[in-house]
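Architecture at a glance
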Amino acid sequence: MTAALDLQGVACTFTARHDPGQRYTAVQDVSLTVGAGEFVSVVGPTGCGKSTLLNVGAGLLAPSTGSVRVFGQPLNGVNTRAGYMFQAESLMPWRTALANVAAGLQFHGVPEAQAATQANEWLRRVGLGGFGDRYPHQMSGGMRKRVSLAQTLVLDPDIILMDEPFSALDIQTRQLMENELLDIWQAKKKAVLFITHDLDEAIALSDRVVVMSAGPGSHPIGDFLIDVERPRDVAEIKTTPRFLELHAAIWAVLREEVLKGYAQQLKAA
Ligand SMILES: Nc1ncnc2c1ncn2[C@@H]1O[C@H](COP(=O)(O)OP(=O)(O)O)[C@@H](O)[C@H]1O
Ligand SMILES: [Mg+2]
């Protein structure tokens, strides 16, 4: 079957910020596929190029070498089949929750009344029915993340790209959001590429976990099938023997890379 997202032999080279004459190859030889309906997480040390890869998948960054295909078609420019959820807050502070969720639809030419109906429906699905008239500053961090999630999903993308979307949340809110994401994903079966530095989160959510090496020239060094049945509860799954086994196996590969990544950060600081 054609992959939803297919990166082959991707490398990304940047000009170093502090020294424009110097080049830095963040990722190299990255081949990574996400099947239609598959939930894939990428874990790796800070600075290894996870966000870079997601930007490549979103079509926001063209790789220096390699190819990107979306449902079999070469990607040129922004990936219109994908919805993107960033790590940082992305709501427009001057718009209500409803208007934030409806914005993307309106940009796509959906009439206002219809956009509002769909936005309301998605607010309800993420547990914010009745909060549509709140402005971002009148909501908690967790609520704002729910709005962001609705904002991404209302456009009904075939591929969902998420860059550490829940990392700023407290653990309870985070688990609620993770379970909610799984429920929605289970119902809609979209392809998900999920970036996280949290191995527990990656295992709990995914069909597959890909481990990246420390940079420069970061690339996948492990690809683990998460053979744990669904539906899952992200809190409960963490106490099961299979989860602990998988965690130990993946951590054995990830550990050294995290230490290398940490050493590099200290050197750079
Ligand atoms: N636009 C850019 N210009 C220069 N260097 C960049 C740019 N984007 C990312 N980098 C560098 O590439 C590396 C990978 O960054 P990033 O993808 O953000 O890592 P991660 O998301 O895994 O923490 C880092 O060393 C970062 O400083
Ligand atoms: Mg990042």
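Residues numbered from 1 in each chain as written. Chains lettered and ligands numbered in written order. Predicted model: local features only at pLDDT ≥ 70, side-chain atom pairs only at ≥ 80, totals over all residues.

1. Remarks on the sheet that holds strand S6 (residues 82-85)
In spatial order, the strands read S6-S7-S8-S3-S9-S10; together these six strands make up an open sheet with mixed pairing. The two strands at the open ends of the sheet, each matched to only one other strand, are S6 and strand S10 (220-225). Averaged over neighbouring strand pairs, the angle between their axes works out to 15° when direction is ignored. Sheet topology note: the strand S3 (residues 39-43)/strand S8 (residues 191-195) ladder contains four bridges and is parallel. (Pairing = 2+ DSSP bridges. Helix = DSSP H or I, 4+ residues; strand = E, 2+ residues; numbered from the N terminus. Axes fitted to C-alpha atoms, helices over the stretch in contact; angles between N-to-C directions.)

2. Looking at the nonpolar core
Of all hydrophobic cores here, the largest spans 68 residues; its most connected members are Val101, Ala119, Leu123, Ala150 and Leu161. Residue contributions to this core reach at least three from each of two domains, namely domain 1 (3-81 + 158-268) and domain 2 (88-156). Non-local contacts of Leu123, meaning those with residues more than four positions away in its chain, are made with Ala97, Leu98, Val101, Leu128, Gly129, Phe131, Gly132 and Ala150. (Core = buried A, V, L, I, M, F, W, Y, C linked by C-beta atoms within 7 Å. Buried ≥ 20, exposed ≤ 12 C-beta atoms within 10 Å, placed from the backbone. Domains from an automatic or database assignment. Contact = placed C-beta atoms within 7 Å.)

3. A few points about unusual backbone geometry
Generally, phi is negative for residues other than glycine and the peptide bonds are trans, each holding for most cases. Residue Pro216 follows Gly215 across a cis peptide bond; omega there is -5°. With an omega of 0°, the peptide bond running from Arg230 to Pro231 counts as cis. Mapped onto the elements of the fold, Pro231 is located in the loop between S10 and helix H7 (234-237). For Glu164, which is not a glycine, the phi torsion comes out positive at approximately 40°. Mapped onto the elements, Glu164 comes out in the loop between strand S7 (159-163) and helix H5 (171-188). The phi torsion at Lys189 lies on the positive side, around 50°, for a residue other than glycine. Along the polypeptide, Lys189 turns up in the loop between H5 and S8. Since 12 C-beta atoms lie within 10 Å of it, Lys189 is described here as exposed.

4. Remarks on the domain arrangement of the protein chain
The assigned domain composition of the protein chain is domain 1 (3-81 + 158-268) and domain 2 (88-156). The C-alpha-based centres of domain 1 and domain 2 are spaced at 26 Å. Residue-level contacts link 10 residues of domain 1 with nine residues of domain 2. Among the elements that take part in the side of domain 1 that touches domain 2, H5 stands out by supplying five residues, more than any other. Class assignment for the residues of the side of domain 1 that touches domain 2 results in eight nonpolar, one polar and one charged. (Nonpolar A, V, L, I, M, F, W, Y, C, P; charged D, E, K, R; others polar.)

5. Looking at helix H2 (residues 97-107)
An α-helix turns once per 3.6 residues; consequently, residues spaced three or four apart project the same way. Those residues of H2 not exposed but buried are Ala97, Leu98, Asn100, Val101, Ala102 and Leu105. Looking at the buried side of H2, the elements it contacts are helix H3 (112-125) and helix H4 (141-153). Remark: Gly109 follows H2 within two positions and exhibits a positive phi of approximately 90°.

6. Points about the site of ligand 1
Surrounding ligand 1, one finds 13 residues, the nearest of these being Phe14, Ala26, Lys50, Ser51 and Thr52. Listed by contribution, the elements that provide at least two residues to the shell around ligand 1 are strand S2 (23-35) and helix H1 (50-58). The biggest single contributor to the shell around ligand 1 is H1, with three residues. For the shell around ligand 1, the class distribution of residues is four nonpolar, seven polar and two charged. (Near = placed C-beta within 6 Å.)

7. Thoughts on the pairing of strand S4 (residues 65-70)
Pairing between strand S1 (residues 3-15) and S4: five bridges, direction antiparallel. Counted as the bridge partner of Asp6 is Arg69 from S4. Bridge count for S4 against strand S5 (residues 73-74) is two bridges, and the pairing is antiparallel. The residue bridging Val70 from the neighbouring strand is Gln73, located in S5. In sequence, S4 turns back onto S5 through a hairpin of two residues, with Phe71 there showing a positive phi of about 45°.

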